[in-house]
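Observations on the three-dimensional arrangement
So the chains spell out like this:
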Amino acid sequence: MSSYLLHHSKPNFRVWINTLFICCSISFALSAQSIPLPEHPRPDFERPDWVNLNGSWAFEFDKNDQGVAQKWMNGARKFSKTINVPFPWGAPLSGVADEADIAWYQREIKVPAAWKGKRAFLTIGASDWETTVYLDGKELGKHQGGYTPFSFELTSFLKYDSPQRISIRVDDKRRQFTLYGKQGYGNARGIWQTIYLEARGQNHLDALHFSPDIDNKKVAVTAYLPAAASSDLQLELKLAGKTSSHKIAAGSSSLTFDVAIENQHLWTLEDPYLYEVEAKLGDGKGAADVLKSYFGQRKISVVDLPGTEYPYIALNNEPVYLQLALDQSYHPEGFYTFPSDEFMKEEILLARGIGLNGIRTHIKVDIPRKLYWADKLGVLVMSDLPNFWGEPDANAQKESEYTLRQMLKRDFNHPAIFSWITFNETWGLTTKVEENGKQQSKYLPETQKWVASVYRLAKQLDPTRLVEDNSICCGRGHTETDINSWHEYLPGWAWEEHLKNIDANTYPGSKHHFEAGYVQGRQPNINSECGNVWGYDGSTGDVDWSWDYHRMMNTFRKYPKIAGWLYTEHHDVINEWNGYWKFDRTNKYTGLEEMVEGMSLNDLHSMIYISTGNEISKTVQPGESVKIPLYASFYTNRTDLGKILTLQIKLYGYDALGQKKTWMTTQRSVPYTPWMQKQLDSLDLQLPNEKGIAHLSLTLQDALGNDLHHNVMSFVVETPAPKVMTLPNGKSAQLLTVAPKDFSAAQWTKKQWNILDGLKVNGAGSGFFEYTFKMAEKPTGTEAATFIAELGAKQLLVKDMDKEMAKNVDYMLGGKVDPSQNPNAYPMTDEYLSPSTVNVTVNGVFAGRVDLADDPADHRGVLSWHYQPKVRKLQEAGSYGYRVAVNIPPQALNIAKVSGELVVRLEVPEAMPGGLAVYGDKFGRYPLNPTVVLVKE
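The text that follows walks through the structure, step by step, so that each part is easy to find.

Focus on the overall build of the chain
The secondary structure content of the chain amounts to 10 helices and 53 strands. Whereas a compact globule of 937 residues would reach a radius of gyration of roughly 30 Å, the chain reaches 32 Å, a difference of no more than 12%. Principal-axis analysis of the C-alpha atoms gives the chain an extent of 110 × 65 × 65 Å. In the chain, 72% of the contacts between residues at least 6 apart in sequence involve partners at least 24 apart.

Here's what the structure looks like:
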């Protein structure tokens, strides 16, 4: 039922989430016996004897915090609800609405008799925030923290093969020092990762870490115990086909040793090979501790881009041009928790599928199995420490450092993780101080020193990766960091100036992007959040991002001093609608495949790239000659391509009637060397000598004719529409045109309004536009007549309604509004269709019915983007319609012989009130005003 809602309707968020909750609750009730996420939650730290406790638990809210006093842990209260663990309460997949800050879980367990002689533990992958666990009313322990695993031992209280009661109390009251992150998008309340029982040896491992050393063909192994060994212990390790034995001496709590890796198989993005490990720890007396793990033999470092002095992040000593997506890692039904292991795998495949090489898990310690799929499939990960929203007091500092230690301990072996980010945009790092009688928030020097100390702590705990102190924006700066990152959200036209400024101001010793007392060293420069969502006033709502994205990518490839970028974002969330995919992971469409044959979003992520610069559309005169800049950007060491590539060039587009034409094809040679970053000779181009829109199609090929890269640039040939044209069949035609705004009559049930002084006109609901075409002479001798126009459906967005808008919404904490409420919004083409039907009559005679499939907006709406004013506000950018041609009936022409005019009515019937948009020659996809074509005999 929820699947139907997600794919067949467009409700506003509040209606959608309420309906979704009901549907999921029903779905859960029908399948309460199933176990969600049945896989072992940690393939990198897996013991053979374990029992998954996910699924149905008795549940009760404790709004008045009376459960402890009333002894709920002893079974004194029968719980009235059932929750589907491990989904956080309040998430639709949990089956429980959010009613209070404190709640209790309860269920029976049976520990098998086969575990006698071993130690039994209950482990919770993550629970937010204070979690207390009881067995048959006896408290096993209490944990504070919201993101990392913890365990309590049950052994001394067990009755093997007999039912026993586990009770869990979780207190998730808001505390300003806890690491809340962006939970406003959907709170991680209570247990939100797998809970399970496991049997461990009498002596057991607390962690097993692998530090690869590819330069010396070995790996350093560190075994950690939970406490100092009371006697000598033996650790047996099976790795790379060999078994080795190592002694952990009494009194020691850890041991580090090297294991040689002969014929090492490196972990790369193309071949993400994982070494599997088996470990066994024992004292030769009691039961041994046995577990499986894995690691990737790889190295993270910084090297210069070959042929330059530009520092780049390197994988296995080779530079990587980073192309990442910010990943909020949210699910509309599970919030912090994904519904299945397959879904987590697909999240990684989605990123790989469009040519990205990494993600940044944003201010959330992600689920280990999702990180496992990044390891397995070859996608790099930036891993964020979640932020608190209070001030950086002692409690906040303690909480941050605790979670940092625990996340590094848990995730140390994931080869996909190449960097840790300790703070984001200085969130939580400012302190209110009084200055000149006013309260102000300041990033104080003492806080900056603490941030630098946290950077050093992370480097101490994990010297194998890069660490970023503060992913900066908004006037803040770095202290000590391995990456010179910054955030910037801009309209497409503003990227040239910005990146030129970055190029000039980032160098060793520069104070740019750094706080007072700190300077840049040899860090790689990374635009670690970018896009256009916040680049327009009030952000952009749901809008075609492909145009600005294209301009941004073209511009980045001109400036190789910048070692990569990170686009916001992987998928939409509650109040951010700029994802590659929608929140439910359905598709958005860029339309690039119709701009150039074979082109897709992957071409904007190609390691072999030809850029025409920031300007991807240009106004020209008929027959004008122009020089097009070309930049070669090759981020690859491939040596199989030879020294010369071929650039196939084609100039095609649409004339004044929206008819497709090809004006020119040619080719030229492009030099190739690995890692080449070079401006090429410009391309001399002569534009068509007629009104139209011309697209310059560029396809870079190897010696065998295989496509390596596609790109496109558009030219708007501006001149008045012709009054007479010669048609492809050789016949002469008279053209009568009117501007969209010059309708002679209009009536709409919901609203009628114009865009950019009438370059496009909209009617919402049912109704009509009527256009009168006056003829200089009556149409005697006319063989045929056709009405041609670009028409689209027109949905009425919230921003277009005459109603008070929500103001001062705190988006960072998940403030919710309808995406179409934003003044810039115009939904990007996606899987949700907004169709309409138009009945066309001419002089009162029915001429035909036109079905308009959608109200689209994407890269195909070149004219709608090209004519946008260069201000930080969008006017239905990227929107376009369909070229419609309707033959005018002879009866209508006969009437025109008397009246001297053709009156064309475009009417949307009441039965399907999908609205209507009429596009002109400076808006939409085609350089076409509403036109009547009269063909003479």
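Quick word on the sheet that holds strand S33 (residues 608–611)
Pairing is antiparallel across the open sheet formed by 3 strands, whose spatial order is S33-S35-S38. Either end of the sheet is taken by a strand with one partner, and the two such strands are S33 and strand S38 (677–686). Between one strand axis and the next, the sheet turns by 25 degrees as a mean value, whatever way the strands run. In this sheet, strand S35 (residues 625–634) lies alongside S33 in antiparallel orientation, the contact comprising 4 bridges. Along S35, the bridge assignment pairs Ile610 with Ala632.

Brief notes about the state of the cysteines
Considering all chains together, one arrives at 1 disulfide under this definition. Here Cys473 pairs with Cys474 through a disulfide, and the sulfurs are 2.0 Å apart. Of note, the bridge from Cys473 to Cys474 carries an S-S torsion of about -55 degrees and is left-handed in sense. Exposure remark for Cys473: the relative accessible area of 9% places this residue in the buried category. Overall, the relative accessible area of 65% leaves Cys474 in the exposed class. Cys530 carries a free sulfur, and the closest cysteine sulfur to it, the one in Cys473, is 13 Å from it. For Cys530, a relative accessible area of 0% translates into the label buried.

Looking at the packing of helix H7 (residues 495–505) against helix H8 (residues 546–556)
Put simply, H7 and H8 touch, their axes get as near as 10 Å, and they point 30 degrees apart. Judged by the inter-axis angle, H7 sits roughly parallel to H8. In terms of crossing hand, the pair formed by H7 and H8 is right-handed. Seen from H7, the contacting residues are Trp495, Glu496 and Leu499; seen from H8, they are Met552, Thr555 and Phe556. Residues belonging to the contact of H7 with H8 are distributed by class as follows: 4 nonpolar, 1 polar and 1 charged.

Analysis parameters
Position numbers for residues count from 1 along each chain, tracking the sequence in the order it is written. In view of the model being predicted, local features appear only for residues whose pLDDT reaches at least 70, and side-chain atom pairs are presented and counted only at 80 or more, with totals across whole chains, interfaces and linings using the full set of residues. Side-chain measures were taken over the full set of non-hydrogen atoms in the model, leaving aside hydrogen atoms and water. A run of H or I in DSSP counts as a helix once it spans at least four residues, and a run of E counts as a strand once it spans at least two, with each numbered from the N terminus. This radius of gyration counts C-alpha atoms alone. The globule rule is 2.2 Å times how many residues there are, raised to the power 0.38. Throughout, a contact is declared for two residues whenever any of their heavy atoms are within 4.5 Å. Pairing between strands requires that DSSP locate at least two bridges from one strand to the other. Note on geometry: axes are lines fitted to C-alpha atoms, helical ones only across the stretch in contact, with angles between N-to-C directions running from 0 to 180 degrees. Cysteine sulfurs are considered disulfide-paired once they come within 2.5 Å of each other. The classification of residues rests on relative accessible area computed with a 1.4 Å probe and restricted to protein chains. Under 20% of the type maximum is buried, over 50% is exposed, and intermediate values are partly exposed. Angular relationships are summarised with four words: roughly parallel below 35 degrees, roughly antiparallel beyond 145, roughly perpendicular across 65 to 115, and oblique for the angles in between. Should the near helix be turned anticlockwise from the far one by less than a right angle, the crossing is termed left-handed; should it be turned clockwise, right-handed. Residue type decides the class: Asp, Glu, Lys and Arg count as charged, Ala, Val, Leu, Ile, Met, Phe, Trp, Tyr, Cys and Pro as nonpolar, and the leftover types, Gly among them, as polar.

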